[in-house]
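Architecture and fold: a report
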Amino acid sequence: MKTLKIAIQKSGRLNEKSVELLKNCGLNFENYKSSLISPVSNFPLEILFLRDDDIPEYVQDGIADLGIVGENVIQETEVEVSYLQKLGFGKCSLKIAVPNNNTITDINQLNGKAIATTYPVILGKYLKEKGITSDIRTISGSVEISPGLGLSDAICDLVSTGGTLKSNGLMPFADVMSSEAVLIGSKGSEDNHLVQELIQRIQSVLRAKETKYVVLNVERKNLPAVLALLPGVKSPSVVPLAEGDWVAVHTVIPERDFWDRISQLKQAGAQGIVVMPIEKIIL
Ligand code: ATP
Ligand code: ZN
């Protein structure tokens, strides 16, 4: 059986979450900071640790079968790869930002202005779509200081909380793209059964992250009202308790409406609510 290769970021914002995801998929490997390649002992897979900018091309050229990288990097490098799965971490947006004290209020005012960025391809396409001609200044880092140095009128950079913009006297002005980490594969890799197996493991970990396991007690007469509030994977399990009029209900609920659901359940008569994290959900 051919050993697969997956490329992940060696160090930086995506490294830790990428390693955690693969470990949660049950893959056993050493995460030595010094090594470029690490074999997985219980799956025919090797992990390549690379700079994120190099990952799309390695995957396009088939040197790695799979990669975990930000959508922003894929769009910027314009590679031909298959998008296999969004991964829910590394979320950020590519935004145009202008100095706080500027007079720019309309996007068309960027015409003829200098915009510094490390994402000239994505920014170029965006401006073209809007019919705007700006002077795109490609720089390799510290984009946020360029207006202060008089090198540009605006910037186009990745933002997550906006703290870096704020501390440099900049404010977000327009959203160019939103991004998160994704699993990509070489064209055709999706037909490989080992790739399929890995995607399924990843999906079961992601599903589990989005949900909580809930056990609660309820008096039989209140059971219909409680059940009406619960989705469950198929349907909730109802288990009789020693005390005849009471039952225990076991189910999973989505993380996003967790607090709303819990207070509704209490109002409907649920008691002794226990909430637990889930490791995996295999459908
Ligand atoms: P490398 O050394 O691998 O080239 P890098 O410095 O280019 O790393 P990082 O800053 O580690 O990259 O960011 C990696 C990815 O994390 C980005 O491409 C983006 O998809 C994502 N990301 C999430 N939030 C942010 C943010 N606030 N700023 C920059 N990138 C972010
Ligand atoms: Zn990089």
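Conventions we followed
Residues numbered from 1 in each chain as written. Chains lettered and ligands numbered in written order. Predicted model: local features only at pLDDT ≥ 70, side-chain atom pairs only at ≥ 80, totals over all residues. Heavy atoms only, no water. UniProt positions renumbered as here; feature names shortened; annotations may be inferred. Core = buried A, V, L, I, M, F, W, Y, C linked by side-chain atoms within 4.5 Å. Buried < 20%, exposed > 50% of the residue type's maximum accessible area, 1.4 Å probe, protein only. Helix = DSSP H or I, 4+ residues; strand = E, 2+ residues; numbered from the N terminus. Contact = heavy atoms within 4.5 Å. Pairing = 2+ DSSP bridges. Axes fitted to C-alpha atoms, helices over the stretch in contact; angles between N-to-C directions. Phe/Tyr/Trp six-rings, centres within 6.5 Å; stacked < 30°, edge-to-face > 60°. Lys NZ or Arg CZ within 6 Å of the ring centre and 35° of its normal. Donors = N, O, S within 2.8 Å, 3.2 Å for Na, K, Ca; no water. Tetrahedral: all angles 85-135°; square planar, octahedral: opposite > 155°, others 65-115°. Patch = residues over 30% accessible without salt bridge, like charges linked within 9 Å, V, L, I, M, F, W, Y side chains within 5 Å. Areas by Shrake-Rupley, 256 points an atom, 1.4 Å probe, with all protein chains shown as cover. Salt bridge = Lys/Arg side-chain N within 4 Å of Asp/Glu carboxyl O. Domains from an automatic or database assignment. Buried area = accessible area lost by both parts, 1.4 Å probe.

Under an unreviewed UniProt entry, the name given to the chain is ATP phosphoribosyltransferase, and the source organism is Mucilaginibacter aquariorum. Heading Cofactor (unreviewed entry) of the UniProt record for the chain holds this comment: "Mg(2+)". The UniProt entry for the chain carries the following comment under Pathway (unreviewed entry): "Amino-acid biosynthesis; L-histidine biosynthesis; L-histidine from 5-phospho-alpha-D-ribose 1-diphosphate: step 1/9."

1. Observations regarding the nonpolar core
Core analysis: the largest hydrophobic core is formed by 29 residues, its most contacted members being I6, L27, I68, L87 and L183. Listing elements by their share of this core, those giving two or more residues are β1 (4-9), α1 (15-24), β3 (45-50), β4 (66-70), β11 (181-185) and α6 (193-209). Ignoring sequence-local partners within four residues, the contact set of L87 consists of L21, I68, E180, A181, V182, L183, I202 and L206. Counting 17 residues, the second largest nonpolar core, distinct from the first, contains V98, L123, I132 and A174.

2. Digging into the sheet that holds strand β10 (residues 170-179)
Taken in spatial order, the five strands line up as β8-β7-β9-β6-β10 in an open sheet, and their pairing is mixed. At either margin of the open sheet sits one strand with a lone partner, and together these are β8 (135-138) and β10. On average, each strand axis in the sheet is inclined to that of its neighbour by 25°, with strand direction left out of account. With five bridges connecting them, strand β6 (residues 92-99) and strand β9 (residues 154-159) associate as antiparallel partners. Bridging from a neighbouring strand, A97 pairs with I155 of β9.

3. Notes on the packing of aromatic side chains
Inspection of every chain in the model, using the stated rule, returns one aromatic pair. Where F258 meets W259, the ring centres are 4.9 Å apart and the plane angle is 75°; that geometry is what we call edge-to-face. The ring of F29 carries the charged tip of K23 above its face, separated from the ring centre by 4.7 Å.

4. Comments concerning the coordination of the zinc ion (ligand 2)
Within the protein, the atoms that donate to the zinc ion (ligand 2) are D52 (OD) and D53 (OD), at distances of 2.0 to 2.1 Å. Here the zinc ion (ligand 2) is ringed by four donor atoms whose angles at the metal span 74 to 175°, and the overall shape comes out irregular. Using a relative accessible area of 19% as the deciding quantity, one classes D52 as buried. The class of D53 is partly exposed, set by a relative accessible area of 38%.

5. Comments concerning unusual backbone geometry
At E78, a residue that is not glycine, the phi angle is positive and equals roughly 50°. Its identity is not glycine, yet S142 carries a phi of approximately 45°, on the positive side. With respect to the secondary-structure elements, S142 resides in the loop between β8 and β9. You can call S142 partly exposed: its relative accessible area is 45%.

6. Some thoughts on the pairing of β11
A large share of β11 lies buried, amounting to five of its five residues. Side chains of β11 alternate between two faces, with A181, L183 and G185 and V182 and I184 buried alike. The pairing of β4 with β11 spans five bridges and is classified as antiparallel. Counterpart to V69 in the pairing with β11 is V182. Where strand β5 (residues 82-86) and β11 come together, four bridges link them in antiparallel fashion. Within β11, the position partnered with Q85 by the bridge is L183.

7. Details of the environment of P254
You can see P254 is positioned in strand β14 (residues 246-254). Distance in space between the C-alpha atoms of P254 and P231 is 8.8 Å, their sequence separation being 23 residues. The residues contacting P254, other than those within four sequence positions of it, are E210, T211 and P231.

8. With respect to a nonpolar patch on the surface
A grouping of I145, L149 and L151 is seen on the molecular surface, where their side chains present a nonpolar patch of about 290 Å² in accessible area. When you line up the elements, L151 lands in the loop between β8 and β9.

9. Thoughts on the domain arrangement of the chain
Once the domains are mapped, the chain shows domain 1 (4-87 + 182-208), domain 2 (92-179) and domain 3 (211-277). Of note, the centres of domain 1 and domain 2, computed from C-alpha atoms alone, are 30 Å apart. Tallying the contact residues gives six residues for domain 1 and ten residues for domain 2. Note on domain 1 versus domain 2: buried area summed over both sides is about 700 Å², and carbon and sulfur give 51% of it.

10. Let's talk about the pairing of β1
Among the six residues in β1, five count as buried, and that is most of the element. Alignment of β1 against β4, held across two bridges, turns out to be parallel. Its bridge partner being in β4, I6 is matched across the sheet by L66.

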